[in-house]
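The primary structure of each chain is shown beneath.
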Protein chains: 2
Amino acid sequence: MKPEDVKATVTLDEVRRAVAVAAGREAGSLLLKNATLLNVLTQDIDDTHVLLAGRLIAGVGPDYADAAADEVVDLGGKHLAPGLIDGHVHIESSLVTPGAYAAGVVPRGVTAVVCDPHEIGNVAGVPGIEWLLERSERLPLDVWVTVPSCVPSTPMETAGATLGLAEIAGVLAHRRVVGVAEIMSFPAVIAGDEENLAKALLAEQYGKTPEGHAPGVSGRDLQAYLASGIGSDHESTTLAEGQEKLRAGAFLMIREGSVTRNLDALLPLVKPETSDRIGFVTDDRLPGDVCDEGGVDFLVRRAIASGVAPALAVRCGSWSTARHYRLVRRGAVAPGYFADLAVVDDVANYHVSRVYKEGRLVAADGKLCVDIPEPQVDDTPVRNTVHLPELSAERFRLAAPAAPTVRCIRPVPYQVLTEEVRVTPTVVGGEVVADPTRDLAKLVCVERHGHSGDVGVGLVTGFGLQRGALASTVGHDHHNLLAVGVDDEDIRVACERLEHLEGGFVAVDRGEVLAELPLPFAGLLTDRPLKEVSDTLERLDAAARELGVTLPAPYMALSFLGLAVIPELRLTDQGLVDVRPGRLVSFAAEDVSAS
Amino acid sequence: MKPEDVKATVTLDEVRRAVAVAAGREAGSLLLKNATLLNVLTQDIDDTHVLLAGRLIAGVGPDYADAAADEVVDLGGKHLAPGLIDGHVHIESSLVTPGAYAAGVVPRGVTAVVCDPHEIGNVAGVPGIEWLLERSERLPLDVWVTVPSCVPSTPMETAGATLGLAEIAGVLAHRRVVGVAEIMSFPAVIAGDEENLAKALLAEQYGKTPEGHAPGVSGRDLQAYLASGIGSDHESTTLAEGQEKLRAGAFLMIREGSVTRNLDALLPLVKPETSDRIGFVTDDRLPGDVCDEGGVDFLVRRAIASGVAPALAVRCGSWSTARHYRLVRRGAVAPGYFADLAVVDDVANYHVSRVYKEGRLVAADGKLCVDIPEPQVDDTPVRNTVHLPELSAERFRLAAPAAPTVRCIRPVPYQVLTEEVRVTPTVVGGEVVADPTRDLAKLVCVERHGHSGDVGVGLVTGFGLQRGALASTVGHDHHNLLAVGVDDEDIRVACERLEHLEGGFVAVDRGEVLAELPLPFAGLLTDRPLKEVSDTLERLDAAARELGVTLPAPYMALSFLGLAVIPELRLTDQGLVDVRPGRLVSFAAEDVSAS
C-alpha cells in the first residue's frame, strides 16, 4: 500500500476536536438533550444525552446533560436512532438521480444506501458508474456503491457496455465502492465458472465484499455458491430458505421491494442472537412506493409493528449492514461515530421528525431542509444514450412462419416472471399482425446503444391493448428500447419520441403522444422530484388504460419483457430467448433448435 | 490502490476446487462425518457433516453424509468448533518464540492469535517486529499482529528503539498486520495529544483497527478516549466498567491472563445479543499457565463451566474477534471458510482431541502432530541485544543522602502494582547498603541496548533476599537489565552472565550461577518448548527461595519494577520514577522536585 492510497474518513483535526469536546475542553456543536437512545450496540434503550463535535459524535451519556454547545435541542424523551442504511438498492428502479432519491428518503431517517448501479452500468459502463459516484458526492445521503458483476447479463442481448474483470477492478479502488454487486449468475458460480469466481475473489482481494443473489438455492448448491466466498444473499422468500442461508454463513438481507416482498416471511429470523447477521434492504422500489412507504425505513417500521423490539429492528437497519460492509464510524450512536441521527417522534410507527447527517440538520417534519447541491458533474457519459437505427414499418414485420403456431410472451401480473404461450397467429397478407380482438400485440426490442441496430420482434398477450403503443427505454437488463403496440406506425412514433427525449416512457395513440416521462440520464433516470415522477407515472398509467390496457403496472411489466435471465420467454434485440434452456429460439413454435 | 497491493488470501484455484467439491463434481480432501457443530453464526448446534477441499471448508450439511473424499473421519457425534482466536496476546509473556507458543496452544484448539509484539518492539524496533512476522510464517497458528503504539512507553526510560508514525505506517502495510496495538497512553489520548490521535487514525486510514487500553476510564474520559476512533478495550475489571464500555461502542475484550483475571467479573455480559461485541483474550500468560491452563481456550472452558452456552462461548472466542479485526473466511465453520477446526470430545470441559489447521490435522490428543517448520529467518535483528556498560562496584554505589529517609520500592505480590515506602537506610562508610536483616535489597537497572550505558540504582523491599542476586533482561517496558541483590559483586556477576547468555533470568550466589534461563532472542524469548521453560522457571524459583526469597513469582515481580507507567514507584536506567505525577524523583525522600 502506498501513502497516496491511504483513505481519509475523518481528519486529525476533526478527531482532535471530538476528543476535546467529549472531555469538556471545548464546546460542542450541538447537544441533543434528553434522548431515549435506541442503542444498537447492546440492544438497550438508554435515557441519555448526545453531544456532537461537527461531523462526529463526541460523547453520549448522563454527564453531558449540561455540556457546553453552540446549539442545544431538548428532545424531551423522544427516541434517537442512528441513520438507517439500506444494504442493497438499485436507485435506478426509482427512476431518479441520487440527489432526487436522497430528497425522498433522507427525511424518513435513511442516511446511507449501498447501491448497485446495475442499470447504469449496462447502459454506460464504467463511465456511467463513475458518473453516479460523482453525482452522489456531497449529498445528505451516503451513497456507497457495489460494482455490477453481470454486465451484460447474457450473451443473447446487446448491452451498452461490458464490465470485465479489468473494469471491475478499476472501479473497486474507489473510496466509496464497498464490494462487487450481487453475483446473479448463480448457476455459473455453482458450475465453477472461472470468470464469475474471479469477480468474487477480486472483491476480497481489494478488502471489499462479494455480494450474492441465489434465489431458491439450497443444499449442496448453496454450499457451492457460498464456498466461492460470496458473503450475502437478499433473495430468500421463505423462512426455511432464510434459516438455511444464515446457518451457512450468508449475511441475510431481508428484502421488501415494490414487487418482491419478503419481510413477513423472514421476520421470525430477526432475533437478538442473529441480528448481527441480518440486514434490511429494498432492492427495487418504484417512485410511488418510495413516496408513500419509504425506503429501508419501511422495513424497520413494519418490523416494529410486527413486534420486533425497536432497538433490534433498527440494528438490522443500520449497525449490522455497516459491519457487513466494514463501514467505519457508521451505524451506531457512539463516541467517534459520524453523527448520522434520526429523531423518532413515535417509535411504534417509526415516525421520524428530524434527521441529522454528519452533524447537520438536513430534514425536519418530513421535508429536506438543506438544498441538494447543484451537481458539478459532466453528464456526458449518461446523456444522449438512445441511438436508434432507421425505423421503418419493415423493421417491425413478422413474416408468417410455415408452422401453425408461434411463441407468444405473457407477463405474470405483479411479478417479474413471464410465461410462454403457443398461439395460432392472425396472418394478413403473409404477415403476422397484432390482433386486439385476441389480445395479441406486437412486442419489439430495438437495440438503442448505437451498436448493432438490431430489432427483435415478437408477440405478447395480457396487456389488453386495443390501440396505439407503449414504449420504454428501461428494459432490463440491457435497457434496449421495448415497445408494445397494435399499430406498427404508433410503435415507430413511440420509439422516435423516446429517441428525442433521450429515453423514458411514452404512450402513443394514432401518432400522438398521450403521456410521457423523459428519463434523459442513461434513458433510465430523471432529476425531477420523486413525487413528480410518481404523478407522471399515474398519467402514463391512465393513458395506457385509455388505450385499453388492463395489465397492472404496464410500463414496469414492459421493462421486464427483455429480461433474459428469469423464466420463461423474453425478447431481446437478438430475438426470442427461452430462459429455461438459456438460448435463442425461433418465433415458430415447432422449431426447437434455433441455433 | 495498485494491483501489486492486492492481497491474496486464497487462490482462484482453491476457490474453484472448493466450489467443485461442494457441488459434488470433485472429491473432497477430508469428510468429517457426524459432527455436532457449534454454529457460531446462529448460536445453534447442528448435527451435520463437514466436507473440506484442501485449506477450505467446501460444504456443511446433511447432504454430505456420503460425499466422496480422500479421507473420511467419523466424529461419532463429537462436537466440532472453529479454531479459537485470541484477540490480544503478548507472546513474549510466555517467553517463547511464536513456533514454541504455537506448539503449546494449537493442540488446545487455538488456531490464531492477534499478538502485540510490544516487548520485541521496545528492544528491536521495526526489524524486531518484522522478525516476529517472519518467524510466524508457516505455523499451524495464524499470528496476526498489531503494531505497538507506545514505544518507548515514557521518555523517562531508554528503550532499544522508537516507533514513531513513520515506523508504524511502514509496518501497517503488512498483510498480517491488522491494527495499531493497545494505545495505553490514555491520559494523552483524552488530553488530545496529536501524536497519539494520529497513531489511532493511521490504523483507520489503512483499513485496520486502532486498539484500546483504558483501565478504569469512565464517564467523559471514556467518551473522549473512544471519540478518537479507538475501537476496543481489554482492561475492564468490573461488570459496570464492562457494561459502560460496551454501551459506548468499544469491542469488549474479556481478559484472563496469568496475573490480571477478569473473566468471572465480566462473564454476565456475555449474552446472545451482545456476543458480537465481546471477544476473549489472554493478554499475558506465563509459560506454566499456558502449559497447565492453556491460552484463550481457558476462557472458553471457564465460560462453559460457568453456564454460558457452548456455541455462545466459542462465538466470543472466534467469530466475534475475527469480525472485529475484519479477518475474512475466519472464525466460523461454513462454506468458503478456512478449515481451522477443533474436535471437542467433551464440550462441558472443552476438551479438544483433534485440531485441523487449514484442512490439515496438526494436533491430536493434546500433542502437535506436525513439525514446526525450521525457521528460514535471519535472526540478526533480535540476537546479541544485551550490551552492558563496563560494570564495576562503583556503578552500583548509592551515596548516602543528607536526608534521613529514602524512597524504596515494594512490589505488591501477584500484581503489577508497586508501592513507595519511605525507609531510613542502612549506611556504611557513607554508602547506602543492602541490609538483609531489614529486607532491604539493592535494585539496579542497567541500560542494555548499547545506547547510554546508564545505571539506575535504588532500594527494594519485599523480596526477602538474604544472599546473592537475581537478574532479568525482561524489564517492562524498556527491557533494560534489572537486578535485585544484597551483594554488589553478585549483582555484577548476574549482569555479566546475562550479557553472556544474550539475556534471560539468572540467580547467583557468591559468584556462582545457581540457575538460569537463557532468552537469546531480544533478551526476551527462547525457542525451547514451553514445558521446558516452565520447568526451568521452577528451578529458578527454587534457587531464589534458597537465597531467602519469600516473594512469590520473584522474576516476574522483578521484571515489572521498571514499568514506569503503572503506579507507584519504579526504577529505570534514568533513575527512580514516581508514576503518579509521572516524573523522575530523587532517592532522598525529602526532595520532592527532582528536575
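Rules used in this analysis
- Residues numbered from 1 in each chain as written.
- Chains lettered and ligands numbered in written order.
- Predicted model: local features only at pLDDT ≥ 70, side-chain atom pairs only at ≥ 80, totals over all residues.
- Heavy atoms only, no water.
- Disulfide = S-S within 2.5 Å.
- Buried < 20%, exposed > 50% of the residue type's maximum accessible area, 1.4 Å probe, protein only.
- Pairing = 2+ DSSP bridges.
- Helix = DSSP H or I, 4+ residues; strand = E, 2+ residues; numbered from the N terminus.
- Axes fitted to C-alpha atoms, helices over the stretch in contact; angles between N-to-C directions.
- Expected span 1.5 Å × (residues − 1).
- Bend = angle between axes of the 7 residues up to and from the residue.
- Contact = heavy atoms within 4.5 Å.
- Buried area = accessible area lost by both parts, 1.4 Å probe.
- Salt bridge = Lys/Arg side-chain N within 4 Å of Asp/Glu carboxyl O.
- Polar contact = N/O pair within 3.5 Å; in protein donor to acceptor, adjacent residues only side chain to side chain.
- Phe/Tyr/Trp six-rings, centres within 6.5 Å; stacked < 30°, edge-to-face > 60°.
- Least-squares fit on C-alpha atoms with pLDDT ≥ 70 in both.
- Parallel < 35°, antiparallel > 145°, perpendicular 65-115°, else oblique.
- Left-handed = near helix turned anticlockwise from the far one by under 90°.

Peer 1: Which parts of the structure should I look at to understand the state of the cysteines?
Peer 2: Residues and elements named next belong to chain A. Counted under the stated rule, the structure contains zero disulfides over all chains. Counting only cysteine sulfurs, Cys150 is the nearest neighbor of Cys115, a cysteine outside any disulfide, at a range of 16 Å. Cys495 takes part in no disulfide bond, and the closest cysteine sulfur to it belongs to Cys445, at a distance of 9.8 Å. A relative accessible area of 0% means that Cys495 is categorised as buried.

Peer 1: Could you clarify how one ought to interpret the sheet that holds strand β30 (residues 583-585) of chain B in this entry?
Peer 2: Residue and element names in this part refer to chain B. Read from one edge of the open sheet, three strands run β28-β29-β30, paired in antiparallel fashion. Looking along the sheet, the strands with just one partner apiece sit at the ends: β28 (569-572) and β30. Going from strand to strand, the sheet's axes swing by 45° on average, the running direction of each strand aside. When β28 meets strand β29 (residues 575-578), the two strands line up antiparallel, connected through four bridges. Bridge assignment links Thr572 to a residue of β29, and that residue is Gly575.

Peer 1: What is the right way to look at helix α3 (residues 118-135) of chain A in this model?
Peer 2: Think of an α-helix as 3.6 residues a turn; residues three or four steps apart then line up on the same face. All names here are of chain A. When the terminal C-alpha atoms of α3 are compared, their 16 Å separation across 18 residues is substantially less than the 26 Å that a helix rising 1.5 Å per residue should span. The axis of α3 is deflected most strongly, by about 135°, at Ala124, and proline Pro127 appears within four residues downstream. Among the 18 residues of α3, 15 are classified as buried, and the element is accordingly described as predominantly covered.

Peer 1: Just to check I follow, could you spell out the interface of chain A and chain B for this structure?
Peer 2: Counting from both sides, the interface comprises 70 residues of chain A and, opposite them, 69 residues of chain B. Between chain A and chain B, the buried area comes to about 6200 Å², and carbon and sulfur atoms account for 54% of it. If you look at where chain A meets chain B, you find eight salt bridges. Here Asp44 of chain A and Arg247 of chain B are joined by a salt bridge, their closest N and O atoms 3.0 Å apart. Counting the contacts that link chain A with chain B gives 26 residue pairs in polar contact (both at pLDDT 80 or more). For the side of chain A that touches chain B, the secondary structure elements donating two or more residues are α1 (12-23), β2 (44-53), β3 (56-60), α5 (186-190), α6 (194-205), α7 (219-227), α8 (239-247) and α13 (319-324) of chain A. Ranked by residues supplied to the side of chain A that touches chain B, first place goes to α1 of chain A with seven residues.

Peer 1: Where do I start with the pairing of strand β15 (residues 351-357) of chain A in this structure?
Peer 2: All names here are of chain A. β15 sits mainly inside the fold: five of its seven residues count as buried. Note that strand β14 (residues 341-346) and β15 share five bridges and pair antiparallel. Within β15, the residue paired with Ala342 across the bridge is Val355. Counting the residues between successive antiparallel strands, the hairpin from β14 to β15 contains four residues, one of them, Tyr350, with a positive phi of roughly 40°. In this structure, β15 lies alongside strand β16 (residues 360-364), joined through four bridges in antiparallel fashion. For Tyr356, the partnering residue across the bridge sits in β16 and is Leu361. From the end of β15 to the start of β16, which pair antiparallel, there are two residues, and Glu358 there has a positive phi angle of about 45°.

Peer 1: What should I look at first to understand the pairing of strand β22 (residues 440-446) of chain A in this one?
Peer 2: Working note: regular strand, side chains alternate between the two faces of the sheet. Residues and elements named next belong to chain A. Judged by how many residues are buried, β22 sits mostly within the fold: seven of seven residues are covered. Sheet topology places β22 next to strand β23 (residues 455-461); seven bridges connect them, and they run antiparallel. Looking across to β23, one finds that Leu440 is bridged to Thr461. Bridge count between β22 and strand β25 (residues 481-485): five bridges; the pairing is antiparallel. By the bridge assignment, Lys442 is partnered in β25 with Gly485.

Peer 1: Explanation requested: the packing of aromatic side chains in the structure shown.
Peer 2: The way to describe two aromatic rings as a pair is by their centre distance and the angle between their planes. All told, the structure shown has four aromatic pairs over all chains when counted by the stated rule. A centroid spacing of 5.4 Å and a plane angle of 35° characterise the contact between Phe505 of chain A and Tyr555 of chain A, whose relative ring orientation is tilted. With a gap of 50 residues between them, Phe505 of chain A in strand β26 (residues 504-509) and Tyr555 of chain A in helix α16 (residues 554-559) connect regions that are remote in the sequence. Take Phe505 of chain A: its relative accessible area is 5%, and that puts it in the buried class. Here Trp131 of chain B and Phe521 of chain B contribute two aromatic rings whose centre-to-centre distance is 5.5 Å and whose plane-to-plane angle is 25°, an arrangement assigned as stacked.

Peer 1: Even after reading the chapter, I still don't get the pattern of salt bridges, so can you show me in this structure?
Peer 2: Close approach of charged atoms lets side chains of opposite charge pair. All names here are of chain A. Enumeration over the complete set of coordinates arrives at 96 salt bridges over all chains. When the shortest N-O distance is used, the salt bridge between Glu256 and Arg302 registers 3.5 Å. Here Arg302 lies in helix α11 (residues 297-305) and Glu256 lies in the loop between β12 (251-255) and α9 (263-266), a separation of 46 residues in the sequence. Glu256 sits in the buried class, given a relative accessible area of 3%. Its salt-bridge partner being Glu358, residue Lys357 comes within 3.5 Å of it at the nearest N-O pair. The exposure classification of Lys357 matches that of Glu358, with both residues buried.

Peer 1: Please explain the relation of the copies chain A and chain B as it appears in this structure.
Peer 2: One copy of the chain maps onto the second through a rotation around an axis plus a translation along that axis. Between chain A and chain B, which share one sequence, the superposing operator has a rotation angle of 180° and an axial displacement of 0.0 Å; the RMSD is 0.1 Å. On this basis, the relationship between the two copies can be described by a two-fold rotation axis. Considering only C-alpha atoms, the part of chain A nearest the rotation axis is Glu273 of chain A, at 2.5 Å. Both copies present the same face, since 99% of the interface residues in chain A are matched by interface residues at the equivalent positions in chain B.

Peer 1: Is there a simple way to explain unusual backbone geometry in this structure?
Peer 2: Both trends apply: most residues other than glycine have a negative phi, and most peptide bonds are in trans. Residues and elements named next belong to chain A. Backbone torsion omega between Val151 and Pro152 reads 0°, so that peptide bond is classified as cis. For Pro152, the position within the fold is in the loop between β8 (142-147) and α4 (165-172). Phi angles above zero are rare outside glycine, and Tyr414 is one such case at about 65°. Classification of Tyr414 by relative accessible area gives exposed; the value is 60%. Although it is not a glycine, Ala553 adopts a positive phi angle of roughly 45°.

Peer 1: Would you take a moment to explain the packing of α4 of chain A against α6 of chain A for this structure?
Peer 2: In helix packing, the relevant descriptors are the interaxial angle and the interaxial distance, both defined with respect to the helix axes. Residue and element names in this part refer to chain A. At a minimum axis distance of 10 Å, the contact between α4 and α6 shows a crossing angle of 15°. Classified by the angle their axes make, α4 and α6 are roughly parallel. As for the relative orientation of α4 and α6, their crossing is right-handed in sense. For the pair formed by α4 and α6, the contact residues are Leu165, Ile168, Ala169 and Leu172 on the first element and Glu195, Ala198, Lys199, Leu202 and Ala203 on the second.

Peer 1: Please explain the side chain of Glu14 of chain B as it appears in this structure.
Peer 2: Residues and elements named next belong to chain B. Following the sequence through the fold, Glu14 ends up in helix α1 (residues 12-23). A distance of 2.6 Å separates polar atoms of two side chains, one belonging to Glu14 and the other to Arg55. If we skip the residues at most four places from it in the chain, Glu14 touches Arg55 and Leu56.

Peer 1: What is the right way to look at the environment of Ala27 of chain B in this model?
Peer 2: Residues and elements named next belong to chain B. By the element assignment, Ala27 lies in the loop between α1 and β1 (30-39). Here Ala27 falls in the partly exposed class, since its relative accessible area comes to 35%. Separated by 43 residues in sequence, Ala27 and Asp70 place their C-alpha atoms 6.8 Å apart. Not counting residues up to four positions away in its chain, the partners in contact with Ala27 are Val21, Ala68, Ala69 and Asp70.

Peer 1: How should the environment of Arg302 of chain A be read in this particular structure?
Peer 2: Residue and element names in this part refer to chain A. Assessed through its relative accessible area of 23%, Arg302 is described here as partly exposed. For the pair Arg302 and Leu165, spaced 137 residues apart in sequence, the C-alpha to C-alpha distance is 39 Å. What Arg302 contacts, discounting residues up to four positions off in sequence, is Glu256, Leu263, Asp264 and Leu267.

Peer 1: Mind showing me how you'd approach the sheet that holds strand β7 (residues 110-115) of chain A here?
Peer 2: Strands in a sheet are paired, the pairing made by backbone hydrogen bonds, and the direction either parallel or antiparallel. All names here are of chain A. One open sheet holds the five strands; their spatial order is β6-β7-β8-β9-β10, and the pairing between them is parallel. Either end of the sheet is taken by a strand with one partner, and the two such strands are β6 (84-89) and β10 (209-212). For this sheet the average axis-to-axis angle between neighbouring strands, irrespective of direction, equals 30°. One ladder, built from three bridges, connects β8 with strand β9 (residues 177-183); its direction is parallel. Of the residues in β9, the one forming a bridge with Val147 is Val180. Contacts from α6 reach β9 and β10, with the element oriented near 155° to β9.

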